Amino acid sequence: MISPVSRLTPQSRTNALEAMRASTANTPLDILVIGGGVTGAGTALDAVTRGLTTAVVEAQDWASGTSSRSSKLVHGGLRYLQMLDFHLVHEALTERDQLISKLAPHLVRPVSFLYPLEHRIWERVFVGAGIALYDTLASITPGKRPLPLHQHLSRRGMNKLFPDLRHDAAVGALRYWDASVDDARLVSTLIRTAASHGAHATSRTQVIGLTRDGTGRVDGALLRDLETGEELRVHARNVINATGVWTEETEALAGGTGGLKVLASKGVHIVVPRERIKGEVGLILQTETSVLFVIPWSRYWVIGTTDTPWHQELQHPVATSADIDYILEHANEVLARPLTREDIIGTWAGLRPLLQPGTKEGTGSAKVSREHTTASPVPGLTVIAGGKLTTYRIMAEDAVDFALGSRAESNPSVTSNVPLLGAVNLDVQRNWSRSYAKTFSWSESIVDHLLHRYGSLISDIVELCSEDGTLAQALEYAPAYLRAEIVYAASHEGALHLEDVLLHRTRLNYEIADRGLAALDEISTLMAGVLGWDEDTREQEMDSYRSRARAEEAAEKEPDDEGAETTRLGADDVAPLAKLGQRPDAGLKPGSPADSAGSAGPAGT
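Residues numbered from 1 in each chain as written. Predicted model: local features only at pLDDT ≥ 70, side-chain atom pairs only at ≥ 80, totals over all residues. Heavy atoms only, no water.

As recorded by an unreviewed UniProt entry, the chain carries the name Glycerol-3-phosphate dehydrogenase and is attributed to Arthrobacter rhombi. Its UniProt record gives the chain the following Cofactor (unreviewed entry) comment, quoted word for word: "FAD". In its Sequence similarities (unreviewed entry) section, UniProt records this for the chain: "Belongs to the FAD-dependent glycerol-3-phosphate dehydrogenase family." (UniProt positions renumbered as here; feature names shortened; annotations may be inferred.)

On to the environment of Thr54. Positionally, Thr54 belongs in strand E2 (residues 54-57). For Thr54 and His197, which are 143 residues apart along the polypeptide, the C-alpha to C-alpha distance reads 9.8 Å. A distance of 3.5 Å separates a polar side-chain atom of Thr54 from the backbone nitrogen of Val48. Within polar-contact distance, the side chain of Thr54 engages the backbone oxygen of Leu52 at 2.8 Å. (Helix = DSSP H or I, 4+ residues; strand = E, 2+ residues; numbered from the N terminus. Polar contact = N/O pair within 3.5 Å; in protein donor to acceptor, adjacent residues only side chain to side chain.)

So, on to helix H3 (residues 86-103). Look at H3: 24 Å from first C-alpha to last across 18 residues, which is about the 26 Å you get at 1.5 Å a residue. Most of H3 sits inside the fold, with 13 of its 18 residues counted as buried. (Expected span 1.5 Å × (residues − 1). Buried < 20%, exposed > 50% of the residue type's maximum accessible area, 1.4 Å probe, protein only.)

This paragraph deals with the confidence of the model for the chain. Mean pLDDT over the chain works out to 91, with 92% of the residues at or above the 70 mark. A low-confidence stretch, residues 358-369 (pLDDT under 50), is modelled with 23 contacts involving residues beyond four sequence positions or located in other chains. Across residues 581-602, confidence stays below pLDDT 50; counting only partners more than four residues off in sequence or on other chains, it has 53 contacts. (pLDDT = per-residue confidence, 0-100. Contact = heavy atoms within 4.5 Å.)

On to the environment of Gly304. One can find Gly304 in strand E14 (residues 300-304). Separated by 27 residues in the primary sequence, Gly304 and Ala331 place their C-alpha atoms 8.8 Å from one another. Excluding residues within four positions of it along the chain, Gly304 makes contact with Val268, His269, Val291, Leu292, Phe293 and Ile327.

Tallying each qualifying case throughout the model produces seven aromatic pairs. The interplanar angle of 85 degrees and the centroid separation of 5.4 Å between the aromatic rings of Tyr454 and Tyr488 together place this pair among those described as edge-to-face. Here Tyr488 lies in helix H13 (residues 483-491) and Tyr454 lies in helix H11 (residues 444-454), a separation of 34 residues in the sequence. Residue class for Tyr454 comes out buried when judged on its relative accessible area of 2%. By relative accessible area, which is 0% here, Tyr488 ends up buried. In this structure, Lys72 is placed above the aromatic ring of Trp348, and the distance from its NZ or CZ to the ring centre is 4.5 Å. (Phe/Tyr/Trp six-rings, centres within 6.5 Å; stacked < 30°, edge-to-face > 60°. Lys NZ or Arg CZ within 6 Å of the ring centre and 35° of its normal.)

Under the domain assignment used here, the chain contains domain 1 (4-67 + 184-258 + 361-417), domain 2 (263-355) and domain 3 (426-556). In this complex, domain 2 contributes 15 residues to the contact, which on the side of domain 3 involves 10 residues. Of the roughly 1,100 Å² buried at the junction of domain 2 and domain 3 (both faces included), carbon and sulfur atoms supply 51%. Connecting domain 2 to domain 3 are one salt bridge. Residue Glu511 pairs with Arg299 through a salt bridge whose shortest N-O separation is 3.0 Å. Taken together, the connections running from domain 2 to domain 3 amount to five residue pairs in polar contact (both at pLDDT 80 or more). Of all the elements in the fold, those that place two or more residues in the side of domain 2 that touches domain 3 are helix H8 (321-332) and strand E16 (346-355). With three residues, E16 is the largest single contributor of residues to the side of domain 2 that touches domain 3. Tallied by class, residues from the side of domain 2 that touches domain 3 come to eight nonpolar, five polar and two charged. (Domains from an automatic or database assignment. Buried area = accessible area lost by both parts, 1.4 Å probe. Salt bridge = Lys/Arg side-chain N within 4 Å of Asp/Glu carboxyl O. Nonpolar A, V, L, I, M, F, W, Y, C, P; charged D, E, K, R; others polar.)

Now the structure itself:
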């Protein structure tokens, strides 16, 4: 009998590893998902809510790859209308509206954008028709519209909403609506929701081999616990590879030459303080290679992105000096008060997993479709790749359907009706939040911050603060967050290391200028109390994060990807990925039915 948990803790991680170790050829798991990004997390939720015994493993922290480094938008992809990709746009808009209205209304919130117009007549007609189609594709879905229709604005109306738009940059604008999300929190919430329904979830657990039975079918994997170095064998009827830009490396663990090909494209964003740009809405700007968003987000603006092929190692993409210059140049073309490097308080770089129709050489990444594909290069192994954050649920459904084959018809996906943790009773907790604010002297902005991050699970934060009143206070050097949130990250959200909190449970790595360094002592002390760190461990965690922060800062000064990568890799990882090369059946008992390729890159990321 599965014992569901909604708290991710070191003990729940140990229990999940033991459950996987207990699987056998006669009693395998139904589904093993490799990859803890948004697609893998969504796939685990889809599988377990069908009543399938499910495990999901991630080699790093949850959402540590692409899924914490996106533009943080839940949108239909306005530019895909230019590619006439109506199916993808409609699919994404349908998923956007479900997330806002039912599945995750606390995490996904509406945000409006201005599309500046340079020509009075023909451009307004042309762009207006496109955005009207965008609204129409969204309204095809039955039910009440969760977002307003687009509006035409004069120059005066445009200037009222965005005073810092340069006067000669546009003659007017179109205003339309999409949504934003904290991508890493979406992933961690998906994982916790899957665990609450019985999925076994373990981060810092790397797949170092895929095993096969006597017929050649993939029947499980060999895992390495990167926290302890221990290895274990897990048996599964179906293995689903949802590793994004690591797709081909994970495929290689099964042997053979087939499978999906994925091109990594780097996207960079910069962060500037909210008061630096006067505006109430976002901007969307066309560039020669991509689309540039100026996105209002909490206390700051997010500006990006770039779109350049990435040929370096996949774990640590970083912004270069050239990337930052590109973004500043294009943003300053329309801003009345040009930005400088001194205005930037943070950056991040992520890799888009773009499906490659042929070989990688010679193909420009900006023209590759974002639509996803599911395949099976080896029996027993399903591969899902491509797509976008907004359509994670559809991708997950397709992956599990593909793995189940004909059995999917009698066991369909139900995730369109499964709210994520924090969505149920959200209105109730919004009403109670007034009482919480009075009890703990929280401002309206703090309450809104907590409801946005935790939804109805704000009651968990309240419980911690009721037990220890000091946890209701803000961090001294990062006052946007409460002390309770750090404790909660370690006690409920699966944070194992200091960097997990600085990068993924909060956004301190890029939302304050010192990357959160001043707050390290307080944060590490709070985590130590939950995770049982001694003083040496706490110091090691702080030293590791400081080294990472220094390396990232230095990499931003390098002119190209090669130099930036070399600089970034000067900092060691807290839980280094296993170096592969031995046969993945090494360490198994003689006679074990394991037969797979022996060397590949990181899997489970």
